[in-house]
Amino acid sequence: MTTGVAVAATPASASVETPDLDPAFALHRGGKIEIRSTVPVRDADDLSLAYTPGVARVCTAIADQPALADDYTWVSNVVAVVSDGTAVLGLGDIGPAAAMPVMEGKALLFKEFAGVDAVPICLDCTDVDGLVETVVRLAPSFGGINLEDISAPRCFEIEDRLRDLLDIPVFHDDQHGTAIVALAALQNAARLTGRALGDLRAVVAGAGASGVAVTRILLEAGIGDIAVSDSKGMLYEGREGLNPVKQALARDTNRVGHTGSTEEALEGADLFLGLSGSTVSEQAIASMAPDAIVFALSNPTPEVHPDVAARHARVVATGRSDFPNQINNVLAFPGVFRGALDVRATAITENMKVAAANALAGVVGDDLTATYIIPSPFDERVAPAVTAAVAAQARADGVARL
């Protein structure tokens, strides 16, 4: 699941019959990105430097010292946006061809918000071994890998294996972009209500890619207690039928020992985080603790309508741009990769993600209100703040090469 720019599904029949009347089709015609040259080729002298024979001298130098590729090719500023089309936005498994507009959009956002070049790569492969092998073979052409819209639980293994095999940043944005922005928003929501993260009891609906990552980053940040549910109810130790990812989550969460439904667990809870596509009743939100915080992040339909949640909660956030407090991945991934690329990091560590969240929360500063706990993606302070924090933390964590 992605909580980035919200896209509502359009009935296939309507979109096919009248594409020219839909402004989205007009914008997408011919694609949204292109490759441009950075040097002129005006005459034979330019050509001899940009291509043969001059290029041969550069190739020979890189063959002798492979690290020179970072200085004399585009590798140090380019990210591969990789998807297999199995979990695209709220549309599900629509395949690699249909995923391309989203991956193009991701590349566009990388460039617009952080000056990072990105190449969309949609793979006609859903086998974990095949996908990992393909990305590893492509990796020498890139300075980082952004995994996108790959279904859970496969996405966890794919990311873990690629991180072990590659010496460049590998980042599954559906997981970690969502987690970074959610943590930043929660830090400010807690500050607004006069509480620390350690004071909060949280309930997370959804144990897919984003639900797991959000839970993990909140544990890292010191959340008081957190319990997670899937479509069959709360995760707890001893529950049958859990895959390894959910088993690990059950071991590390739910200290209270909830075994029923999400709504039952919400009674007296301080925070609800929806990442599931399910629904939660108004009565369940009303049963939460005073000054409750509700992040209903499913797109295009939140787990509870924000106007309904606002009747009972102090702070409400969604994944949508038409309500206040949008938890949007674009607040995180451009700056995270910009910072990692700037110091030629070998990985993106957990500390770098937390540093990104802290920086993002800090942009709000003294302007904090119940309807402004997270900045706009168009706030020009966002990407530089996240970039600087990530780069500094990469150096502190010993994964920077510059």
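Let me sum up the structure you'll find in this document. (Residues numbered from 1 in each chain as written. Predicted model: local features only at pLDDT ≥ 70, side-chain atom pairs only at ≥ 80, totals over all residues. Heavy atoms only, no water.)

As for the sheet that holds strand β1 (residues 78-83)
Pairing is parallel in the open sheet, where 4 strands are placed in the order β2-β1-β3-β4. Both outer strands of the open sheet, β2 (117-122) and β4 (170-172), are each paired with one neighbouring strand and no more. Averaged over all pairs of adjacent strands, the angle between strand axes in this sheet comes to 20°, irrespective of strand direction. For β1 and strand β3 (residues 144-147), the ladder comprises 4 bridges, and the chain directions are parallel. Opposite V82, over in β3, you have L147 as the bridge partner. In the packing of helix α6 (residues 96-114) onto the sheet, contacts are made with β1, β2 and β3, and the angle to β2 comes to roughly 170°. Taken strand by strand, helix α15 (residues 333-342) contacts β1, β3 and β4, and its axis lies near 160° from that of β3. (Pairing = 2+ DSSP bridges. Helix = DSSP H or I, 4+ residues; strand = E, 2+ residues; numbered from the N terminus. Axes fitted to C-alpha atoms, helices over the stretch in contact; angles between N-to-C directions. Contact = heavy atoms within 4.5 Å.)

Structural notes on the packing of α6 against α15
Packing of α6 against α15 brings their axes to within 9 Å, and their N-to-C directions diverge by 70°. On the basis of the axis angle, α6 is roughly perpendicular to α15. With respect to the hand of their crossing, α6 and α15 are arranged in right-handed fashion. Two secondary-structure elements touch here, α6 through K106, L109, F110, F113 and A114 and α15 through F333, P334, G335, F337 and R338. (Parallel < 35°, antiparallel > 145°, perpendicular 65-115°, else oblique. Left-handed = near helix turned anticlockwise from the far one by under 90°.)

Some thoughts on the environment of V354
Among the secondary structure elements, V354 is positioned in helix α16 (residues 350-364). Taking the C-alpha atoms as reference, V354 lies 30 Å from T259; in sequence the two are 95 residues apart. When near neighbours in sequence (up to four residues on either side) are disregarded, V354 contacts I217 and E220.

What about the pairing of strand β9 (residues 293-296)?
Burial of β9 is two-sided: the residues I293 and F295 facing one way and the residues V294 and A296 facing the other way are all buried. In the sheet, strand β8 (residues 271-274) pairs with β9 via 4 bridges, with the strands oriented parallel. Looking at β9, one finds that L273 is bridged to F295. As judged from the 4 bridges shared by β9 and strand β10 (residues 315-318), these two strands associate in the parallel manner. When the sheet's bridge partners are listed, V294 is paired in β10 with V316. (Buried < 20%, exposed > 50% of the residue type's maximum accessible area, 1.4 Å probe, protein only.)

Section: the nonpolar core
Counting 100 residues, the largest nonpolar core has I145, L186, L218, F295 and I373 as the members making the most contacts within it. Among the elements that make up this core, the one with the highest residue count is helix α9 (residues 173-192) (10 residues). The contacts of L218, once residues within four sequence positions are left out, are L183, L186, I223, I226, L271 and L273. Within the second largest apolar cluster, 20 residues are counted, among which are A205, V308, A309 and A313. (Core = buried A, V, L, I, M, F, W, Y, C linked by side-chain atoms within 4.5 Å.)

Structural notes on the pattern of salt bridges
With the rule as written, the count across this model stands at 22 salt bridges. We note a salt bridge from R154 to D84, for which the minimum N-O separation is 2.4 Å. Here D84 lies in the loop between β1 and α6 and R154 lies in helix α8 (residues 154-165), a separation of 70 residues in the sequence. Bridged by salt links that share partners, the residues K106, E148 and D173 form one connected network. (Salt bridge = Lys/Arg side-chain N within 4 Å of Asp/Glu carboxyl O.)

Here we look at helix α10 (residues 209-221)
For α10, built from 13 residues, the straight-helix expectation of 18 Å at 1.5 Å per residue is met to within 8% by its first-to-last C-alpha distance of 18 Å. Turning to α10, its buried residues number three or more, namely A209, S210, G211, V212, A213, V214, T215, I217 and L218. (Expected span 1.5 Å × (residues − 1).)

So, unusual backbone geometry
Of note, the bond from T52 into P53 is cis; its omega dihedral lies within 30 degrees of zero at 10°. On the secondary structure map, P53 appears in the loop between α3 (44-50) and α4 (54-64). With an omega dihedral of 0°, the bond running from N299 to P300 counts as a cis peptide bond. Topologically, P300 is positioned in the loop between β9 and α14 (306-309). At N254, a position not held by glycine, the phi torsion is positive, near 60°. You can call N254 buried: its relative accessible area is 7%. For D291, which is not glycine, the phi dihedral falls at a positive 60°. Within the secondary structure, D291 is located in the loop between α13 (282-286) and β9.

A short note on a nonpolar patch on the surface
A surface patch of nonpolar side chains, about 330 Å² in accessible area, is lined by V41, L47 and Y51. Relative to the assigned elements, V41 resides in the loop between α2 (23-28) and α3. (Patch = residues over 30% accessible without salt bridge, like charges linked within 9 Å, V, L, I, M, F, W, Y side chains within 5 Å. Areas by Shrake-Rupley, 256 points an atom, 1.4 Å probe, with all protein chains shown as cover.)

Looking at the layout of surface pockets
Space inside the second largest pocket adds up to approximately 600 Å³. As for the second largest pocket, its lining consists of 18 residues, and the residues nearest its centre are E34, I35, R36, K111 and D117. The set of elements that each furnish at least two residues to the lining of the second largest pocket consists of α6 and β2. Across the lining of the second largest pocket, the residue classes break down as 9 nonpolar, 3 polar and 6 charged. (1 Å grid on protein atoms, 1.4 Å probe; cavity = no way out; pocket = protein on both sides within 12 Å on 5 of 7 lines; lining within 4 Å. Points joined across faces, edges and corners; volume = space filled by probe spheres on them. Nonpolar A, V, L, I, M, F, W, Y, C, P; charged D, E, K, R; others polar.)

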